[in-house]
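These are the residues of each chain, in order.
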Amino acid sequence: MPQHNVPTPWRDALLAVLGLFLPVACLGCGQPDHALCPPCRAVLAATPRRVRLVAGVRLDAAYEYEGLVRILLLELKLRGRVDVARPLGVRFGALLRAALAEAPAGAVVLRIPPSPAGARRRGFDPVVLLLARGGARRTGQLRRTRAGRARAGHGQKERSAVERVAATVGTLRASGVTGQDVVLVDDVVTTGVTMAEGVRAVRAGGGRVVRCVAVASVDD
Ligand SMILES: [Zn+2]
């Protein structure tokens, strides 16, 4: 299973411990003492799940990417607020465990690689952290091809849908997946083209994607 670029569990553990000692205000409403106060936890709990198809594979997203979920994910990814990993990660981890329970025995979990710029800036992988806090097992990772590294970070937003798909094909590679059942994981699925590229890469490597799981999905 490819393990490249996966931060050490020690670093994630250290960040989680540091998070316990930071002065805390609720990220949803600013109330002191809680990273997420009880009323905001209730809002999080009421945020719906999302199910959609990506490249013909069922994607289970723990949350719709909106409101409080969007704020919490951005705080985690951009400001390193690792204290939100536990409330966000519980449902994500449960979805991954359910996907594995329904998958054929021996299925492996592979993460869609984060953008190189984001990974460098953060120094930790939010998906690995969320899964650790959600009680799920370690994941491997797909790799970026040389073309994928060159294209990463070129603004996807200004492109048309066709251009986005064309620019994504061939950017990921899966090795060691021949005959493997694979569950793909990522944090946020927006257009789905990156996740679809992951599905393509696994299939090209001789594997089969049985489920995709994400923290959040943008509703089409
Ligand atoms: Zn609150």
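Residues numbered from 1 in each chain as written. Predicted model: local features only at pLDDT ≥ 70, side-chain atom pairs only at ≥ 80, totals over all residues. Heavy atoms only, no water.

Novice: Help me out: how do you make sense of helix α9 (residues 193-204) in this one?
Specialist: Counting along an α-helix, one turn takes 3.6 residues, and residues three or four places apart therefore face a common direction. The terminal C-alpha atoms of α9, which comprises twelve residues, lie 16 Å apart, in line with the 16 Å expected from a rise of 1.5 Å per residue. Val193, Met195, Glu197, Gly198, Val199, Ala201 and Val202 are the residues of α9 that are buried. Following α9 by one or two positions, Gly206 adopts a phi angle in the positive range, close to 90 degrees. (Helix = DSSP H or I, 4+ residues; strand = E, 2+ residues; numbered from the N terminus. Expected span 1.5 Å × (residues − 1). Buried < 20%, exposed > 50% of the residue type's maximum accessible area, 1.4 Å probe, protein only.)

Novice: What is the right way to read the sheet that holds strand β7 (residues 181-189) from this model?
Specialist: Adjacent strands of a sheet form backbone hydrogen bonds with each other and so pair up, either parallel or antiparallel. Read across the sheet, six strands follow the order β1-β2-β8-β7-β3-β4 without closing on themselves; strand pairing throughout is mixed. Either end of the sheet is taken by a strand with one partner, and the two such strands are β1 (50-54) and β4 (140-141). In the packing of helix α6 (residues 126-133) onto the sheet, contacts are made with β3 (108-111), β7 and β8 (208-217), and the angle to β7 comes to roughly 110 degrees. (Pairing = 2+ DSSP bridges. Contact = heavy atoms within 4.5 Å. Axes fitted to C-alpha atoms, helices over the stretch in contact; angles between N-to-C directions.)

Novice: Would you mind showing me how to read the environment of Ala107 here?
Specialist: Position of Ala107 relative to the elements: it lies in the loop between α4 (85-102) and β3. Look at Ala107 and you get buried, because its relative accessible area is 6%. Spatially, the C-alpha atoms of Ala107 and Arg208 are 9.4 Å apart, while their sequence positions differ by 101 residues.

Everything listed here is a matter of coordinates, which is why it stays silent on function.
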